[in-house]
Structure formats: C-alpha cells, structure tokens
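Results of the structural survey
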Amino acid sequence: MTSKETHPIPLAQPPAKFTGLKLGVPKQLAAGMPAILSTAKHILEETEPGRGFKTLLRLNQKKGVDCPGCAWPDPDGHRSTIAEYCENGAKAVAEELDKGKADAAFFSKNSVYELSLYSDYEIGKKGRLQVPMILLPGDTHYSPISWTDAFELIGQRLRNLDSPDEAIFYTSGRTSNEAAFLYQLFVRQYGTNNLPDCSNMCHESSGVALTETTGIGKGSVKLEDFYETELILILGQNPGTNHPRMLSALQKAKKNGAQIVSINPLKEAGLISFANPQHPLEMLGSGTSLSDHYLQVKINGDLPLLKAIIKILYEKEKSNPGSVFDLNFISNKTKGYEAFIASIEKYDLEELAVECGISMADLREVAALVASKKKIIACWAMGLTQHKNSVITIAELVNLLLLKGSIAKPGAGTCPVRGHSNVQGDRTMGIYEKPSVSFLNRLEQTFNFKAPHKHGYDTVDAIKAMQAGKAKVFIGMGGNFLSATPDTEFTAEGLRNCDLTVHVSTKLNRSHLVHGKTALILPCLGRTDKDIQESGPQFVSVENSMGVVHSSEGKLTPPSEFLKSECSIVAGIAKATLQNNTTVNWDNMVSNYDHIRDAIEKAIPGFDNYNEQVRIPEGFYLPNCAREGNFNALDGLALFTVNEFEAMPLDADKFILMSIRTHDQFNTTIYGLHDRYRGIYNERRVLLMNKSDMEEQQLHEGDKVNIHSHFMGEIRTAEKFIIIPYNIPKQCLATYFPEANVLVPINSYADRSQTPTSKSVIVSLEKV
Ligand SMILES: Nc1nc2c(c(=O)[nH]1)N[C@H]1C(S)=C(S)[C@@H](COP(=O)(O)OP(=O)(O)OC[C@H]3O[C@@H](n4cnc5c(=O)[nH]c(N)nc54)[C@H](O)[C@@H]3O)O[C@H]1N2
Ligand SMILES: Nc1nc2c(c(=O)[nH]1)N[C@H]1C(S)=C(S)[C@@H](COP(=O)(O)OP(=O)(O)OC[C@H]3O[C@@H](n4cnc5c(=O)[nH]c(N)nc54)[C@H](O)[C@@H]3O)O[C@H]1N2
Ligand SMILES: [Mo]
C-alpha cells in the first residue's frame, strides 16, 4: 500500500468533468410510457430481476415494504392491484438491490483518494457495502474490522471526550421509528442533544412556521382531502420527479372538479399534465391536464406574490364583507387578524407584482379563483423552504388559508410535502437538537435518567463546530453529510478535523472518502432486506407526510451475512459507550422490536397500543391539532402573523441561483445522468438560463462558465457548467445539487430555521 505522503487529499467535490450533453425538448406530460420503460430498465440493469420485481410488487402495499423513496402517503382504502410504486420508487429500490459488492477486496484495490476521483454517479454504482471497514491515521485504504472492535473503538473515543457535546449524531430521513427512537435515547443517555438531521436542510422552515401559526410543525391534510378539495396551490415543488405518486392524487382531485394553481419559476412537466402508468388506457391519450394556472414566479418571489393575492382579496372583501373571507372562522378560531390586515394595507400592488414577476392580470385571475373557493389545500416543498425569508413566506401562506377558513375542515389545509420516507417519523421519535421540555420529561420518566436539556447543534452549527475543532466525533445514521450540506469545502474541513467519523450506510458515498483522522463505515440492512433478530423476523414502522404510522417489512435475503440492522448497530454503540451507566436493556430492546415500540408508547404521546395499532394493515393516524381545529398548543387559536416583505435588489450582473434535483437522482444518490422531463440528457454540469439574459451577457448555448457566489464579501466558485437556454424568469438560474453546494455559504441560511439557502444563491458568471 502506498503511504499517505504520496497520496493527495481525497476530493470533497466530484471532479468537474463533462459527460456529453444531449439536448431534447422539455416535456409537457409526466409519466406515461417512458416512465414504465425507465422503471423496467433500472430494475433489469441493476438488480437480479427476480428480486427487483418481487420487491416492486410489495412496495407500499398494506403489510408490504415502505418505498424508500419519498414520504407521499399510500391510499388508506383501495390500493392498486398492480403496485403502488412509481418510476422513481423503482429506481430507489434498484439502487438498494444493486448487484455489485463493495466488499473488502474492493476497498483493498482502491485507495480512498482514487475513489474520490470518481463522479458521484460512479461511486453509487459500486454496490452494497458488505463488512465494517476502518481507516486508521496514515492509511490510504479502508480495511475490514470486526463489529466488536468497531463498537469498542467508538465507545472508547466517545468516553474519552472532554464533554458529550464534542460529539455529533446526524440522522438522514430513512431511519425507521424504532432505530431513531433508540438512537436519540442512546445519545441523550450519553449526555448531549447534538442531533442534527436532514430536516434541518429540508422542511425545518415549514416546521418553524407551522408550529408558530397552527401549533403543530406538521401538515394538516389527509390524502382524502385531495379528493374533495376545490383548489390546490402547489408552490416550489416538482412532484413529477420527487413525489410522482402525488400526481395520481392530483389527477383524482381534477376529476372531482378541483382546480390547480402552480407557482414555480420552471414549467415542470409533472405540473402540466399526467398520464397514469397504473391505467394502461391512459398511456394512449395525452393524459389529464393538471395546472389551470401556472405562475412562473421569480426565484424567492413567493412572499410578494402571496401578499399581492391577499391584497386583491382584501380589496374585494372590503367592498362586500364576508364575500371572500371566512369571518366566522377568523373570529372563532384565530387571533392576530386586525394587525395582519393593517400590515397588508401599506403594500403597493404594482410593486408587489414587479417583485414577484407576475403580471397584474394573472395575479387578478388567480386571486379571483381563490376568492371563489372555500376549500383550499396549499402544498409546498423545497422551493419555499430554502431561502433567507422562508419561514415568513410559509407563514404568509398560512395567513392566506386562515383568511379563507381553509384549515381544519375536509378538503382544506396545509400540506408541506416531506422528502425522505421517514423524515417526519424521525422527528416524532425525538431526532431533534431542540427537544421540548415535555418530551424530555417523558423520556426521563420512562427510562429513569436525567437527560441533557441544553439545546444541541443543528446541521449548520454542527459543521461550524467541527470546523472550529469544538466537535471531534461525527456519527452519521445514514445520509451523505458532506455532499448534502452547504459549503462543501468548509464542511470537508470540518470532517477532516474530526478525530473520528463514523457512517452507518447501505452504499458507498463521498462522506466516507472525506473523513476524520480515524474513519469507520458500518454497513447496515436496507428497507428491502429481511431483518432477523433473536425472537425472529422483525418489521419496523415509519410515519408518512400525512402523519400515518404503518409497518414496513423487508423480505429479501440481505446482500451480505455481515450486515446489521440500524437498531442493532445503535445498541452495539450504546453498550460499548455507556457500559454500566445506562438504564436501558439494549439487548432486550433489539431482541424483539415490539419492546422498542412498547417504550415508544410510554415515552411519546399518540402511540397508544402501538404494537396492536401498527399491525393494522393500513396503519393509524397520529393526533394532529391543526387537522382537528383545536390549535391547543396556541390557547386554542391559530395565529395570523405579520410578515414584512423587503425587496432585495440584484445588481445587473448578478443572478439568483436555485439548486434543484434532476429526474435521475435521490438527493446525493445519482441514479443516472438524465433529466428527462426537462429535456436534458447525459450531463449534470448544466446551467439553465433565460435567453435574453444570455444575450445581455453575450453567452451562447453550449458556452462554459464558472459560477461565483457572492456573500458578505466572500466568493466561492463552482467550475465548469454548460449554459442551456431555458424558460426561466430573468435573472434566475438553475443547476443541480450536490454539484452546486460548494456555492452555498455556510452563513447563508433561513432566519429562525437555519436552513441553508440552497434555492437563493447570489452568483455571477465567468465565461471559460
Ligand atoms: N426521485 C426523487 N424523489 C425525491 C427526492 C429526490 O432527490 N429524488 N428527494 C426527496 C427529498 S429529501 C425532498 S425534500 C423532496 C424535494 O422535492 P422538491 O422540493 O420538489 O425538490 P427540488 O428539486 O428541490 O425542487 C424544488 C422545486 O421548487 C422550484 N423552486 C425553486 N425555487 C423556487 C422559488 O423560489 N419559488 C417557487 N415557487 N418555486 C421554486 C423548482 O423550480 C423546483 O420545481 O423530494 C423527495 N423525493
Ligand atoms: N444545494 C442543495 N442541497 C441540499 C438540498 C437542495 O435542494 N439543494 N436538499 C436538502 C435536503 S431536502 C435533504 S433531505 C438533504 C439530504 O441529505 P441526506 O439525507 O444526508 O442525503 P442522502 O443523499 O439522502 O443520503 C444518501 C445516503 O444514505 C445512505 N442510505 C440509504 N438508505 C439507507 C438506509 O436505509 N440506512 C442507512 N443507514 N443509510 C442509508 C446511503 O449510503 C446513501 O449514500 O440534502 C439537502 N441538501
Ligand atoms: Mo429533503
């Protein structure tokens, strides 16, 4: 093996290499036949077809396996007899059933530096991890280690820290309720609340805004509400790619008479029309048209847009009180109305229209539609949550719903569409750096110990602590911390500073390659794998985007006999770390996951008779005060909030850049190189730009540019992107993450939620 001196430091960013762009035409229709072909291709190429198709048939079925893709709910009643899966769910399964093996021989052939030269797409194709691996100081290659030694090493390092607050325990959103509960219990028995998670980068802004206004950080709608609603607003979300099963719900809503308004800088195919692959006859036609109005808002123009609509509604309401607003609801169920209305008066409609980039005529049309409807659902995702002012934008959306009495009644409410399949459940289980006192009290009573009450680091603070040498051990329960987080090179410095980095993972990713002085990779079972413990086969449970908790059971033989479940890995680390200083019988918990669920029932409200209820095939709903309309966390009344809009003018040579997902990726996992719906093939290093901006900048299709981001006098650069003319508002740009993360400054995050501003990066371009 070569020594460290001859080996450069592994790369934190994928190499800036082009793969051969082919341009097509952006699509007007989502799913259809190409989706079916793409599903079959991924399953056939990446899995042994028997295993692949067998799993697809059980995906999202009652008592089946929860799709490791997104958190969109499954129908409570009838489920398609073919399968409740989508093209991208199939890709997620294919990824997990990868035929390859990243085994000890693979790691001995490839040094960590050599692996870092691969693209993220290539890294992801190296197969499932097989055995625990360790990288000691000075090593260039990972080598195998036994589970016992790995746990001992972690335990010893954690015990030797000056304070438990020098360790960070990250969670991604695939971790089951059972594993998440054990994990946070271990971390709190160890003595810290340093539990950052992917939610910090995702829907944190929604959680903050909804808790403040409706008393619960979750959405209020059920899937059935889509079938009786009159109007659906979809802001900052690309469901055709990221929540494809949502399109079936939108289609059903349309068939039942609902209208849809989409608010998005890009014309996304999945918001235009949809041919349901579950209904073969639809494949022949042009599909169901979805959006009745499409507002191509400027990036981060949603707050002025919402204010403009509210202002128009208020004008109508003033001339005929009660004709637009639900005055009964406002007076019985809310507070803060007067102050809110007073604040709206001072905005100038024309100025708001300019700021959001939508014509007065379009704003008036959409406002008239909103005025005429009583049951409205608002859906949103990352296009709303990843800006500096995200929390107030979402709070303004809640204001709009409150004015219309469109919350806590059938067919209406808030719908933040969650990302990872169990990100919501992980939070319910206590994966949170700022736990409430009541949560901690119940945990303490259940387990008879004193939990730390001081709040811990969220994702941004965790990175800063590592970079500053204040945190020394990083443990990741799933995820790809390096590539998912902002400011890639800064985060890399933080991880490299650590004495120990540990990743519990299914597949190789770049976070394993940019490592602490000692590094461990602990390979775990995935969703589709059979999990056998002392008492026999186990199932786990998850909570979807609408608060339904249900079971998920993998049935396939795991790809290696050495894999452990996340639950048993947590228990192994906990025992080695806490030794006798624990009130939990970890072996007993893991021997039968019913024991973990019994503990959850005692510690967390809403899980009465958990073991019984979780065995109901369709699962059960958790209580939701906003859905029930009692807003009890807020003295019974939902809150109108005053959200000031301040224009943030851009210099003429600057642009606002959003980093988004292609159709062929799941976050940092790159399934393929196409973005089919946007007509972009075989290339990820692209920059979508308005044609007239291109002319002004004297740029042409195919030109290559470096992107520089500008923040408080600091400049960061992402190299080599190909310009593509695209239908996008002026001064707005789009590219893909994780490549763009190097541009997102560590200190640029949403007020109050600290979510990195991945959708509003101020940049300039340099032709190369
Ligand atoms: N196949 C697949 N499924 C996934 C994922 C995946 O990567 N792949 N990721 C999962 C996760 S963790 C999440 S959080 C979700 C993400 O789901 P999305 O939020 O749909 O994902 P993004 O690609 O970030 O898309 C953001 C959308 O918002 C728009 N947008 C950007 N900025 C603005 C703005 O300022 N205003 C408005 N109105 N719109 C804006 C973009 O044009 C884009 O359509 O998907 C989940 N599901
Ligand atoms: N610029 C920019 N950055 C973003 C975003 C953006 O829109 N723009 N989106 C943000 C969002 S919404 C999110 S949620 C985060 C995502 O951040 P993360 O959740 O940290 O990232 P993922 O890419 O989902 O993690 C993928 C890795 O998880 C591991 N894995 C997969 N399945 C399992 C499993 O069952 N168990 C375990 N233990 N490991 C598993 C695999 O090793 C895989 O490599 O990224 C954020 N970063
Ligand atoms: Mo997410």
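Just above, that's the structure.
Quick caveat, the model's predicted, so the values are computed rather than measured. (Residues numbered from 1 in each chain as written. Chains lettered and ligands numbered in written order. Predicted model: local features only at pLDDT ≥ 70, side-chain atom pairs only at ≥ 80, totals over all residues. Heavy atoms only, no water.)

1. Some points on the site of ligand 1
To be explicit about the condition: Whether a residue is near a molecule or strand depends on its heavy atoms: it is near if one of them lies within 4 Å of it. Contacts described as polar in this section are N or O atom pairs within 3.5 Å, which, within protein, must combine one atom able to donate a hydrogen with one able to accept it, while residues neighboring in sequence count only if both atoms come from side chains. Each accessible area is a Shrake-Rupley result for a 1.4 Å probe, and residues are judged covered by the shown protein chains and nothing else. Each helix corresponds to a stretch of at least 4 residues labelled H or I by DSSP, and each strand to a stretch of at least 2 residues labelled E; elements are numbered beginning at the N terminus. Note on residue categories: nonpolar means Ala, Val, Leu, Ile, Met, Phe, Trp, Tyr, Cys or Pro, charged means Asp, Glu, Lys or Arg, and polar means any other residue, Gly included. Domain start and end points were adopted from an automatic or database domain assignment.
In the vicinity of ligand 1 there are 31 residues, among which Glu268, Asn300, Asp302, Gln665 and Asn667 approach most closely. In the model, an oxygen atom of ligand 1 is placed 3.3 Å from a nitrogen or oxygen of the Gly383 main chain. For ligand 1, the accessible surface in isolation is 920 Å², of which the surrounding protein chains cover 99%. For the shell around ligand 1, the secondary structure elements donating two or more residues are α11 (239-242), α19 (382-385), β25 (655-660) and β26 (665-666). Each residue belonging to the shell around ligand 1 can be placed in one class, and the counts come to 12 nonpolar, 15 polar and four charged. When residues of the shell around ligand 1 are assigned to domains, at least three fall in each of domain 2 (204-416) and domain 3 (655-767).

2. Some remarks on the nonpolar core
Proteins that are soluble and globular tend to have nonpolar side chains buried together. Selection criterion: Nonpolar cores were defined as sets of buried Ala, Val, Leu, Ile, Met, Phe, Trp, Tyr and Cys residues, with membership established by side-chain atoms within 4.5 Å. Here the term buried applies to any residue with accessible area under 20% of the maximum for its type, exposed to any over 50%, and partly exposed to those in between, with areas from a 1.4 Å probe on protein chains only. The criterion used for residue contact is that any of the two residues' heavy atoms lie within 4.5 Å.
Formed by 64 residues in total, the largest nonpolar core has its most connected members in Leu158, Phe169, Phe181, Phe186, Leu520 and Leu522. At nine residues, the largest contribution of residues to this core is made by helix α8 (residues 177-190). Other than its neighbours up to four places away in sequence, Leu158 contacts Ala167, Phe169, Phe186, Tyr190, Val473, Ile475, Ile573 and Thr577. Listed in part, the 62 residues of the second largest apolar core include Leu231, Leu295, Phe325 and Leu403.

3. Here's the deal with a positive patch on the surface
Keep this limit in mind: Put simply, a patch holds well-exposed residues, over 30% relative accessible area, that have no salt bridge, with like charges counted together within 9 Å and Val, Leu, Ile, Met, Phe, Trp or Tyr side chains within 5 Å. Whenever Lys or Arg places a side-chain nitrogen within 4 Å of a carboxyl oxygen from Asp or Glu, that contact is recorded as a salt bridge. When charges are counted, Lys and Arg are positive and Asp and Glu negative, with His and the chain ends excluded. Where a charge lies is defined by one atom per residue type, namely NZ (Lys), CZ (Arg), CG (Asp) and CD (Glu).
On the surface, a cluster of positive charge is contributed by Lys54, Lys63, Lys530 and Lys555. Residue position: Lys530 is located in the loop between β18 (518-523) and β19 (532-533).

4. Focus: the packing of aromatic side chains
To keep it simple, the criterion reads: Pairing of aromatic side chains here covers Phe, Tyr and the six-membered ring of Trp, requires ring centres within 6.5 Å, and sorts the geometry by plane angle: under 30 degrees stacked, over 60 edge-to-face, intermediate tilted. Geometrically, a charge over a ring is one whose NZ (Lys) or CZ (Arg) sits within 6 Å of the ring centre while staying within 35 degrees of the ring normal.
Overall, the coordinates contain 18 aromatic pairs when judged by the stated rule. Between Tyr170 and Phe481 the ring centres are 5.0 Å apart and the planes differ by 75°, which places this aromatic pair in the edge-to-face class. With Tyr170 in strand β7 (residues 167-171) and Phe481 in helix α24 (residues 481-484), this residue pair connects regions lying 311 residues apart in the sequence. By relative accessible area, which is 1% here, Phe481 ends up buried. Linked through ring pairs, Phe169, Tyr183, Phe186 and Tyr190 together constitute an aromatic cluster. A cation over a ring is seen here: Arg174 above Phe666, with NZ or CZ 5.2 Å from the ring centre. Note that Lys252 overlies the ring of Tyr227, its terminal NZ or CZ placed 4.0 Å from the centroid.

5. Considering the packing of helix α14 (residues 302-319) against helix α16 (residues 337-345)
In a pair of packed helices, the angle between the axes and the distance between the axes together describe the arrangement. Note the threshold: Inter-axis angles, ranging from 0 to 180 degrees, are taken between N-to-C directions of lines fitted to C-alpha atoms, where helices are fitted over the stretch in contact. Orientation categories follow fixed angle ranges, with anything under 35 degrees roughly parallel, anything over 145 roughly antiparallel, 65 to 115 roughly perpendicular, and all other angles oblique.
In the contact formed by α14 and α16, the axes pass within 10 Å of each other and the chain directions differ by 105°. Considering their axes alone, α14 and α16 lie roughly perpendicular with respect to each other. In this structure, α14 contributes Lys307, Ile310, Lys311, Tyr314 and Lys318 to the contact, and α16 contributes Phe340, Ile341, Ile344 and Glu345. In terms of residue class, the contact of α14 with α16 is built from five nonpolar, no polar and four charged.

Distances and angles like these do not, on their own, reveal function.
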